[in-house]
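Chains, contacts and geometry: an overview
These are the residues of each chain, in order.
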Amino acid sequence: MSFDDLLADDGRVEPRDPMPDGYRRTLVRQIAQHAHSEIIGMQPEGNWISRAPSLRRKAILMAKVQDEAGHGLYLYAAAETLGVDRADLLDQLHTGRQKYSSIFNYPTLTWADVGAIGWLVDGAAIVNQVPLCRCSYGPYARAMVRICKEESFHQRQGFEILHTLSHGTPGQRAMAQDAVDRYWWPALMMFGPPDDDSPHSAQSMAWGIKRFSNDDLRQRFVDMTVPQAEALDLTLPDPEIRWNDERGHYDFGEVDFGELTEVIKGNGPCNRERMAHRLRAHEDGAWVREAAAAYAAKHAVPEEGAA
Ligand code: 3HC
């Protein structure tokens, strides 16, 4: 079946199927940057593993950060089905030729930030990733199915942290509110620039990679999150949030896309720190990669019919 017929049939494009170069390129771009985001995303929360307030919280946070590493590996594996090599993708990340999500360039100043990240960042990731389970490219869609199952646990544990704090002492409540104040707008920026400024959306939607536009998913996230904030008894830092009966959605204030542009350009609060940490971890892990490669070479199973 031709590529166009596959898309028309809402089918799945598989690695060996014919596909336009542009389709392959934009999938490599998006999947690689998604994987990079998962790996860099381990840093903000990892910063609190040694300072979690209880053994239970520590165990949950360790499991979540470990999940993010696994998400990165699923996604690098999905990208490699398009004929690229993860070492090269990581080099593109390390040399600034590929991106990772802006959200991970904000600091985690208190324990409540771990709750805000789980509730808001993983909540936004769920809204963005559930439609990707129906992405036209098979390996990416299948990776998303597994990732989304784990994201639900991530979002739930974040909500629970904030609920505990917002119903705790006045100091804990203030800490939870401060974290939500700092993470709300950057979470809205995760969905990307407004549709009118998105160079990729139209083509990605025509190719069945993106199922909804940036603004549609952002709106869906706001609609989902406002009632949850009420359940947490916390206030979202946007006085313009109000239900609009006519639209059937919550109205909300203007997102500062200038801030998103600056953070993407490298001028966010933690961009340099995140990349320095990433490069150090990559160098520290070189011996593991070399040992694994040496073991694989020693125990390589000769190809059928090879001499
Ligand atoms: N941070 C960094 N770069 C961003 C961005 C953001 N929040 N939003 C957009 N961009 C970049 C795009 O990558 C693109 O740059 P490029 O051409 O160099 O790749 C440019 O800005 C234009 O944006 P577009 O909206 O036109 O680009 P896309 O169509 O690719 O849409 C996207 C951007 C919505 C992020 C889309 O790529 C996507 O859905 N990606 C998959 C999901 C993903 O990567 N999520 C990131 C967070 S992962 C996460 O949260 C994991 C959880 O476990 C914590």
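Above this text is the structure in question.
Throughout what follows, the structure given in this document is the object of discussion.

The rules behind each value
- Residues numbered from 1 in each chain as written.
- Predicted model: local features only at pLDDT ≥ 70, side-chain atom pairs only at ≥ 80, totals over all residues.
- Heavy atoms only, no water.
- Helix = DSSP H or I, 4+ residues; strand = E, 2+ residues; numbered from the N terminus.
- Rg over C-alpha atoms; globule rule 2.2 N^0.38 Å.
- Buried < 20%, exposed > 50% of the residue type's maximum accessible area, 1.4 Å probe, protein only.
- Contact = heavy atoms within 4.5 Å.
- Areas by Shrake-Rupley, 256 points an atom, 1.4 Å probe, with all protein chains shown as cover.
- Near = heavy atom within 4 Å.
- Polar contact = N/O pair within 3.5 Å; in protein donor to acceptor, adjacent residues only side chain to side chain.
- Core = buried A, V, L, I, M, F, W, Y, C linked by side-chain atoms within 4.5 Å.
- Salt bridge = Lys/Arg side-chain N within 4 Å of Asp/Glu carboxyl O.
- Phe/Tyr/Trp six-rings, centres within 6.5 Å; stacked < 30°, edge-to-face > 60°.
- Lys NZ or Arg CZ within 6 Å of the ring centre and 35° of its normal.
- Axes fitted to C-alpha atoms, helices over the stretch in contact; angles between N-to-C directions.
- Parallel < 35°, antiparallel > 145°, perpendicular 65-115°, else oblique.
- Nonpolar A, V, L, I, M, F, W, Y, C, P; charged D, E, K, R; others polar.

Right, let's talk about the overall build of the protein chain for a bit. When helices and strands are counted, the protein chain shows 13 helices and 2 strands. Radius of gyration (C-alpha) of the protein chain: 21 Å, near the 19 Å computed for a compact globule of 307 residues. Overall size of the protein chain, expressed as C-alpha extent along the three principal axes, is 75 × 45 × 30 Å. Counting only residues that meet the buried cut, the protein chain has 50% of its 307 residues in that class. Contacts in the protein chain between residues at least 24 apart in sequence constitute 78% of all its contacts with a sequence separation of at least 6. Accessible surface, the protein chain: about 15100 Å² in total, of which carbon and sulfur atoms supply 56%.

With that settled, the discussion passes to the site of the ligand. Surveying the vicinity of the ligand reveals 30 residues, the closest of which are Lys 99, Glu 151, Ser 198, His 200 and Lys 210. The backbone of Met 190 places a nitrogen or oxygen atom 3.5 Å from a nitrogen atom of the ligand. Within the contact set of the ligand, an oxygen atom lies 2.6 Å away from a side-chain nitrogen or oxygen of His 200. Taken by itself the ligand offers 1000 Å² of open surface, and the protein chains cover 89% of this. Counting residues per element, the ones that place at least two in the shell around the ligand are α2 (21-40), α6 (111-129), α7 (138-166) and α11 (257-267). For the shell around the ligand, the leading source of residues is α2, giving 6 residues.

Across soluble globular proteins, you tend to see nonpolar side chains buried next to one another. Tyr 23, Leu 27, Ile 31, Trp 119, Tyr 137, Tyr 140 and Phe 221 are the most contacted members of the largest nonpolar core, which has 79 residues in total. Ignoring sequence-local partners within four residues, the contact set of Tyr 140 consists of Leu 27, Gln 30, Ile 31, His 34, Leu 75, Ala 78, Leu 132 and Cys 135.

Listed in full, the buried residues belonging to α11 are Phe 257, Leu 260, Val 263 and Gly 266. Against α8 (170-189), α10 (214-232) and α12 (271-284) lie the buried residues of α11. The opening residue of α11, the one whose side-chain oxygen lies 3.0 Å from the backbone nitrogen of Gly 258, is Asp 256.

Overall, the coordinates contain 16 salt bridges when judged by the stated rule. Of the charged contacts, one joins Asp 10 and Arg 211 as a salt bridge, the two residues approaching to 3.0 Å between their closest N and O atoms. With a gap of 201 residues between them, Asp 10 in the loop between α1 (3-8) and α2 and Arg 211 in the loop between α9 (201-206) and α10 connect regions that are remote in the sequence. You can call Arg 211 partly exposed: its relative accessible area is 23%. Ionic pairing is found between Glu 262 and Lys 265, a salt bridge with its closest N-O pair at 3.0 Å. Here Lys 265 and Glu 262 lie together in helix α11, a separation of 3 residues that amounts to about one turn. Residue Glu 262 is classed as partly exposed on the basis of its relative accessible area of 32%. Salt bridges sharing partners connect three or more residues here, namely Glu 45, Lys 64, Glu 68 and Asp 122.

Enumeration according to the criterion identifies 6 aromatic pairs in this entry. Taken together, a centroid distance of 5.7 Å and an interplanar angle of 90° make the contact between Tyr 23 and Trp 207 edge-to-face. In this pair, Tyr 23 sits in helix α2 while Trp 207 sits in the loop between α9 and α10, placing the two residues 184 residues apart along the sequence. What links up through ring pairs into an aromatic cluster is the set Phe 3, Tyr 23 and Trp 207. One residue, Arg 51, lies across the ring of Trp 48, its end atom 3.9 Å from the ring centre. If you follow Arg 220 out to its NZ or CZ, it ends over the ring of Phe 212, 4.1 Å from the centre.

Put simply, helix α4 (residues 55-80) and helix α5 (residues 86-94) touch, their axes get as near as 10 Å, and they point 110° apart. As judged from the angle between their axes, α4 and α5 are roughly perpendicular. Where α4 approaches α5, its residues Leu 73, Tyr 76, Ala 77, Ala 79 and Glu 80 are matched on the opposing element by Arg 86, Leu 89 and Leu 90. Among the residues making up the contact of α4 with α5, the classes are represented as 6 nonpolar, no polar and 2 charged.

With that out of the way, let us pick up the environment of Glu 38. Position of Glu 38 among the secondary structure elements: in helix α2. Note: C-alpha distance between Glu 38 and His 71 (33 residues apart in sequence) is 6.4 Å. Among residues more than four places away in sequence, those in contact with Glu 38 are Glu 68, His 71, Gly 72, Leu 75, Gln 129 and Glu 151.

The next thing to look at is the side chain of Glu 45. Within the secondary structure, Glu 45 sits in helix α3 (residues 42-46). Residue classification places Glu 45 among the buried residues on the basis of a relative accessible area of 2%. Here Lys 64 takes part through its side chain, which lies 2.9 Å from a polar atom of the side chain of Glu 45. Setting aside its immediate chain neighbours within four residues, Glu 45 contacts Leu 61, Lys 64, Val 65, Glu 68, Val 114, Ile 117, Gly 118 and Asp 122.

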